[in-house]
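Analysis of the macromolecular model
Now for the letters of each chain:
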Amino acid sequence: MTKHERRITEPAAPSHGVFSTPPVSRLRAQSASLLGEPVVVMIQPDTISFTSLDGKLLTADTVELSVRESGGQPLVLPQTFGPEVAPGWKARLTARTDELVIHYPNGLVFYDGTMPTNGPWLSKVAAAGSLVMVTGPMAGLPDMEPVILAGRAMWVRLPLTVS
């Protein structure tokens, strides 16, 4: 294992201000299908905003900002996800334990946790060698459509290693 592939044991604070361990971001990964495409939805019940000292909103959602600045694209319906993976991102899913680790292009950890999967979903992403990650301020899967329709969702295709 390389230095960046180890599971983290303490909070990591990327330059974007997104922390990968609870309680700060509380990101959770959920396997799903969107428009026939296997995706991983990052459930984000909390958002972290930045404001200036005078109270002006600088960014409403630091997760959205970090994904967009790292190659993420707005998710609009109907969406056609391109086959090209975003440069530098990488993801590793250990099927036996449901452990998922996602790295930003700079090598820092975006997500380190679990994501339960099922056979057909896992077969599709393993065969493709990539998956689409969807982010947005969602407390659960039922929030995904309203978040997309409100223009608050982002997507990025990640290269994926399944072991």
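Right, let's walk through the structure included here. (Residues numbered from 1 in each chain as written. Predicted model: local features only at pLDDT ≥ 70, side-chain atom pairs only at ≥ 80, totals over all residues. Heavy atoms only, no water.)

Quick look at the pattern of salt bridges
By the definition in use, this model includes two salt bridges. Of the charged contacts in the structure, one is a salt bridge between R68 and E64, with a shortest N-O distance of 2.8 Å. Remark: E64 and R68 occur in helix α1 (residues 62-69); sequence separation between them is four residues, near one turn of the helix. (Salt bridge = Lys/Arg side-chain N within 4 Å of Asp/Glu carboxyl O. Helix = DSSP H or I, 4+ residues; strand = E, 2+ residues; numbered from the N terminus.)

A short note on α1
The element α1 is largely enclosed, with a buried count of six among its eight residues. Every buried residue belonging to α1 is among T62, V63, E64, L65, S66 and V67, and all of these are buried. (Buried < 20%, exposed > 50% of the residue type's maximum accessible area, 1.4 Å probe, protein only.)

A few points about unusual backbone geometry
Unlike most non-glycine residues, D98 shows phi in positive territory, near 65 degrees. Residue position: D98 is located in the loop between β6 (90-94) and β7 (99-103).

Thoughts on the packing of aromatic side chains
To describe a pair of aromatic rings, you give the distance between the ring centres and the angle between the ring planes. Under the definition given, this model contains four aromatic pairs. Pairing W89 with F110 gives two aromatic rings, centres 5.9 Å apart and planes at 75 degrees, and the pair type is edge-to-face. Of the two residues, W89 is situated in the loop between β5 (73-74) and β6 and F110 in strand β8 (residues 109-114); the sequence distance between them amounts to 21 residues. Its relative accessible area of 2% is what places W89 among the buried residues. On the numbers, 5.4 Å between centres and 90 degrees between planes, the contact of Y104 with F110 is edge-to-face. Neither residue differs from the other here; Y104 and F110 are each classed as buried. Through a chain of ring-to-ring contacts, the aromatic side chains of W89, Y104 and F110 assemble into a single cluster. (Phe/Tyr/Trp six-rings, centres within 6.5 Å; stacked < 30°, edge-to-face > 60°.)

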